[in-house]
Amino acid sequence: MGLHTVTFKNKPCIISTGTIAGPKEVQGIIGKYVDMALQDDTFGEDTYEKAECKMLSYAINRAIENSKFKRADIDLMVSGDLLNQIISASFAARDFDFPFVGVYGACSTMSEAFALSAALIDAGYFKRIVAATGSHFSSAERQYRYPLEQGTTRPPQSQWTVTAAGGAVIADKGSNIHITSATFGKVVDFGVTDVNNMGAAMAPAACSTILRHLQERKIEPEYYDLIVTGDLGALGSRIVKDLTWEKGVDISANHIDCGEIIYKVIEDEFQGGSGAGCSAVVFNSYLHNELKSGKLKKILLVATGALLSTVSSGQGESIPCIAHAVSIERE
Amino acid sequence: MTGKHKENFNQNYLNYVNSFDPPTKHFKNCFRAFMVGGLICCIGQFLRYMLERLFGLSGDVLAGTVSIFLIFLGTFLTGLGVYDRIGRNAGAGSIVPITGFANSVASPAMEFKTEGFIYGLAAKMFIVAGPIIVYGVLVGATTGIVYYILGLFGVV
């Protein structure tokens, strides 16, 4: 095997998942599959940050409940989110009595958490790990863009941060859905500076990881039923297909993007959804369900993240991006 | 690679990405901005006539009172959560008039209230409007000085 792809010999299993999504998100494809559909995106809290934290807590609790394990059986929590100093994840971890590893990969956090959890279990250090992440439109908007009530127009390349959280319990044995390998991403920067065009910034990172993964595992794209990118949106999806095509790999037949499919009606979302919660909720609800029912057998989850901050973009820096890939296979 | 090494960036890629830029609908945007901006101006003019007729105001007092009414209207609609919806469609039509300025002050104030009344609401209130005030005052002062100097030479 190659340098950057890890194959898990002991095949860690995804036991169960827990998901929660906001009112706008549940109107789309994931609506039928989420564990809880919120009517009110504040989740009964007085700030959006608290709501995001509570949603993440809910997803973790629900994943544990669905796994039939007790909370005391869980050895570790691997989680992160988009807010500064990953406050949602660390504040959610207050409520749990197991150790916490905070990770940050922007919107790629879900696959990063899966890859690290699977590696820790495969090596035999831990038996049961919960991996989760989430995001909230209103808290992300306030951190990265303008106040909510300000009357500005959104450019057509922009995406809409998904209000959702999702988590999964991963264990050494106990289900037929396995994490079989992971490819850690390189930070790729093609020089895109437009913070409203994340899809174009992130597509080269996704392309780099997908190509390395296929090359190092010596497989064709057809090996997978689906190659699922995180939140490239409609434009980014088109670009990633073009970029891989240029390198002689055709993923157009089995590529989908969580951001592109999550919203049913495009009004203000333009290119689709984004945010850490996007791939987290789509994978842990809809795709996990398809794996469980056997409709899908092999998935490559490639969540992509834009590693910028408001300071870096203010200083005119371009947007470095990353994508981590995990292959999830049913046996 | 940092911003200092921009020559290393993939210019071909950037050109390729730009080729996807959807064409801006200038006519539609301008029409909407004109209609909404015009409507706000008409409301202002209506208020002006009414205040003049009913209260006999005139001059600076009249102009100031109309502005106060419009600022109240902008802030009120922001509070109701309506102004951002107008702005999403009208663009500059609702940003440029004084109601837009009121919106840019009221919206961060609402947003950051959760971080307290001093360091949240009051400190962040001018996060959007601050630059407008700073450069507005700067340009005003510069123009005044230029006008004064030109006056000394008898040009104006």
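As the structure is a computational prediction, the values presented were derived from the model and not from experiment. Every chain is numbered on its own, with residues counted from 1 as its sequence reads. Written order determines the labels here, with chains lettered from A and ligands numbered from 1. Where totals are concerned, whole chains, interfaces and linings use all residues; where local detail is concerned, this predicted model gives features only for residues with pLDDT of at least 70, and gives and counts side-chain atom pairs only at 80 or more. The side-chain values count all of the structure's non-hydrogen atoms but skip hydrogen atoms and water molecules.

**Q** Explain the state of the cysteines here, please?
**A** Working definition of a disulfide: a covalent bond connecting the sulfur atoms of two cysteines. Residue and element names in this part refer to chain A. We call a pair of cysteine sulfur atoms a disulfide whenever their separation is within 2.5 Å. Enumeration according to the criterion identifies 0 disulfides over all chains in this entry. Free of any disulfide, cysteine 53 has its nearest neighbouring cysteine sulfur in cysteine 107, separated by 19 Å. Distance from the sulfur of cysteine 107, which forms no disulfide, to the nearest cysteine sulfur (cysteine 278) is 8.1 Å.

**Q** What is the right way to look at the interface of chain B and chain A in this model?
**A** Many structure descriptions define interface size as the accessible area lost when the parts assemble. Between two residues, a contact is recorded if the distance between any of their heavy atoms is within 4.5 Å. The interface of chain B with chain A comprises 31 residues on the first partner and 30 residues on the second. In total, chain B and chain A occlude about 2600 Å² of area from one another, counting both sides; carbon and sulfur atoms represent 59% of this. Every case where a carboxyl oxygen of Asp or Glu lies within 4 Å of a side-chain nitrogen of Lys or Arg is listed as a salt bridge. On the surface where chain B and chain A come into contact, there are 1 salt bridge. Here B:Glu115 ties to A:Arg142 by a salt bridge, and the two come within 2.1 Å at their closest N and O atoms. Polar contact criterion, stated in full: a pair of N or O atoms within 3.5 Å, where within protein one must be able to donate a hydrogen and the other to accept it, and residues adjacent in sequence count only if both atoms are side-chain atoms. On inspection of chain B and its partner chain A, the count reaches 7 residue pairs in polar contact (both at pLDDT 80 or more). For the side of chain B that touches chain A, the elements supplying multiple residues, two or more each, are helix H1 (11-18), helix H4 (83-90) and helix H6 (98-111) of chain B. Where helices and strands are cited, they refer to DSSP runs of H or I of at least four residues and of E of at least two residues respectively, numbered from the N terminus. Ranked by the residues each element gives to the side of chain B that touches chain A, the list is headed by H6(B), at 6 residues. Classifying every residue of the side of chain B that touches chain A by side-chain character gives 14 nonpolar, 11 polar and 6 charged. When two components associate, each loses some accessible surface as probed by a 1.4 Å sphere; the sum of these losses over both components is called the buried area. When residue character is reported, Ala, Val, Leu, Ile, Met, Phe, Trp, Tyr, Cys and Pro are called nonpolar, Asp, Glu, Lys and Arg charged, and the others, Gly included, polar.

**Q** Help me understand the environment of A:Gly230, please; the structure alone is not making it clear to me.
**A** Residues and elements named next belong to chain A. Tracing the backbone shows glycine 230 in the loop between strand S10 (226-229) and helix H6 (233-246). Only protein chains enter the accessibility calculation, which uses a 1.4 Å probe; a residue whose area is less than 20% of its type maximum is buried, one above 50% is exposed, and one in between is partly exposed. Assessed through its relative accessible area of 1%, glycine 230 is described here as buried. In the structure, glycine 230 is positioned 113 residues away from serine 117 in sequence and 19 Å away in space, judged by C-alpha atoms.

**Q** How should I be thinking about the domain arrangement of chain A in this particular structure?
**A** Residues and elements named next belong to chain A. Domain ranges listed in this record stem from an automatic or a database domain assignment. Splitting chain A by domain gives domain 1 (5-171) and domain 2 (177-330). Centre-to-centre separation of domain 1 and domain 2, based on C-alpha positions: 17 Å. On the domain 2 side, the residues contacting the 54 residues of domain 1 number 58 residues. Here domain 1 packs against domain 2, burying approximately 4600 Å² in sum over the two surfaces, 65% of which is carbon and sulfur. Our count for the domain 1 to domain 2 interface comes out at 0 salt bridges. Counting across the domain 1 and domain 2 interface gives 21 residue pairs in polar contact (both at pLDDT 80 or more). Looking at the side of domain 1 that touches domain 2, the elements that each hand over two or more residues are strand S1 (5-7), strand S2 (13-21), helix H3 (109-122), strand S6 (128-135), helix H4 (137-144), strand S7 (160-161) and strand S8 (164-171). The residue makeup of the side of domain 1 that touches domain 2, split by class, is 29 nonpolar, 20 polar and 5 charged.

**Q** Quick question: what am I supposed to make of unusual backbone geometry here?
**A** Only a minority of non-glycine residues have a phi that is not negative, and only a minority of peptide bonds are not trans. All names here are of chain A. Even without glycine at this site, alanine 106 takes up a positive phi of about 50°. Among the secondary structure elements, alanine 106 is positioned in the loop between strand S5 (100-102) and H3. Overall, the relative accessible area of 2% leaves alanine 106 in the buried class. Positioned with a positive phi, lysine 218 is a non-glycine residue whose angle comes to about 55°. Exposure remark for lysine 218: the relative accessible area of 70% places this residue in the exposed category.

**Q** Can you help me understand a nonpolar patch on the surface in this one?
**A** All names here are of chain B. In this scheme, patches are assembled from residues that exceed 30% relative accessible area and form no salt bridge. Like charges are connected within 9 Å, while nonpolar side chains (Val, Leu, Ile, Met, Phe, Trp, Tyr) are connected within 5 Å. Throughout, the Shrake-Rupley method with a 1.4 Å probe supplies accessible areas, and for residues the shown protein chains are the sole cover considered. On the surface, Ile145, Val146, Tyr147, Tyr148, Ile149, Leu150, Leu152, Phe153, Val155 and Val156 cluster together into a nonpolar patch covering about 1100 Å² of accessible area. For isoleucine 149, the position within the fold is in helix H8 (residues 129-152). Its relative accessible area of 39% is what places isoleucine 149 among the partly exposed residues.

**Q** Please explain the packing of aromatic side chains as it appears in this structure.
**A** To describe a pair of aromatic rings, you give the distance between the ring centres and the angle between the ring planes. Residue and element names in this part refer to chain A. Any Phe, Tyr or Trp ring, taking Trp's six-membered ring, that has another such ring centre within 6.5 Å forms a pair; planes under 30 degrees apart are called stacked, those over 60 apart edge-to-face, and the others tilted. Here the structure, examined in full by the defined rule, presents 10 aromatic pairs over all chains. Ring centres of phenylalanine 114 and phenylalanine 283 lie 5.5 Å apart, and the angle between their planes is 75°; on these two criteria the pair is classed as edge-to-face. Of the two residues, phenylalanine 114 sits in helix H3 while phenylalanine 283 sits in helix H8 (residues 276-293), which places them 169 residues apart along the sequence. Among the residues examined, phenylalanine 114 registers a relative accessible area of 0% and is labelled buried.

**Q** Is there a simple way to think about the layout of surface pockets in this case?
**A** Any empty space left between the atoms is revealed when a probe the size of a water molecule rolls over them. Each cavity reported here is a set of points on a 1 Å grid over the protein atoms alone in which a 1.4 Å probe fits but cannot get out, each pocket an open set with protein on both sides within 12 Å along at least five of seven lines, and each lining residue one with an atom within 4 Å of a point. Grid points are joined across faces, edges and corners, and a volume is the space filled by probe spheres set on the points. Volume-wise, the second largest pocket comes out at about 660 Å³. Lining of the second largest pocket is provided by 22 residues; of these, A:Arg154, A:Pro156, A:Phe270, B:Asn29 and B:Arg88 occupy positions nearest its centre. Contributions of two or more residues to the lining of the second largest pocket are made by helix H2 (26-55) and H4 of chain B. Per-element accounting of the lining of the second largest pocket gives the leading share, 4 residues, to H2(B).

**Q** I'm lost on H6(B) in this one. Help?
**A** Structurally, the α-helix is built with 3.6 residues per turn, so residues lying three or four positions apart point the same way. All names here are of chain B. Under the convention used throughout, the expected extent of a helix is 1.5 Å for every residue step, that is, one less than its residue count. Counted at 1.5 Å a residue, the expected span for H6 with its 14 residues is 20 Å, and the 20 Å between its end C-alpha atoms agrees. Of all the 14 residues making up H6, 11 are buried; the element is thus mostly covered by neighbouring parts of the structure. The complete set of buried residues in H6 reads Thr99, Gly100, Ala102, Asn103, Ser104, Val105, Ala106, Ser107, Pro108, Ala109 and Glu111.

**Q** When you look at the domain arrangement of chain B in this model, what are you seeing that I'm missing?
**A** As assigned here, chain B comprises domain 1 (27-125) and domain 2 (129-156). Using C-alpha coordinates to define each centre, domain 1 of chain B is positioned 26 Å away from domain 2 of chain B.

**Q** Can you walk me through the pattern of salt bridges in this structure?
**A** Pairing between side chains of opposite charge can happen when their charged atoms approach one another. Going through the model one piece at a time under the given rule, you end up with 11 salt bridges over all chains. A salt bridge links B:Lys124 to B:Glu115; the nearest nitrogen and oxygen atoms lie 3.7 Å apart. On the basis of relative accessibility, which here comes to 25%, the residue B:Lys124 falls in the partly exposed class. Through salt bridges with shared partners, a single ionic network connects A:Glu49, A:Arg142, B:Glu115 and B:Lys124.

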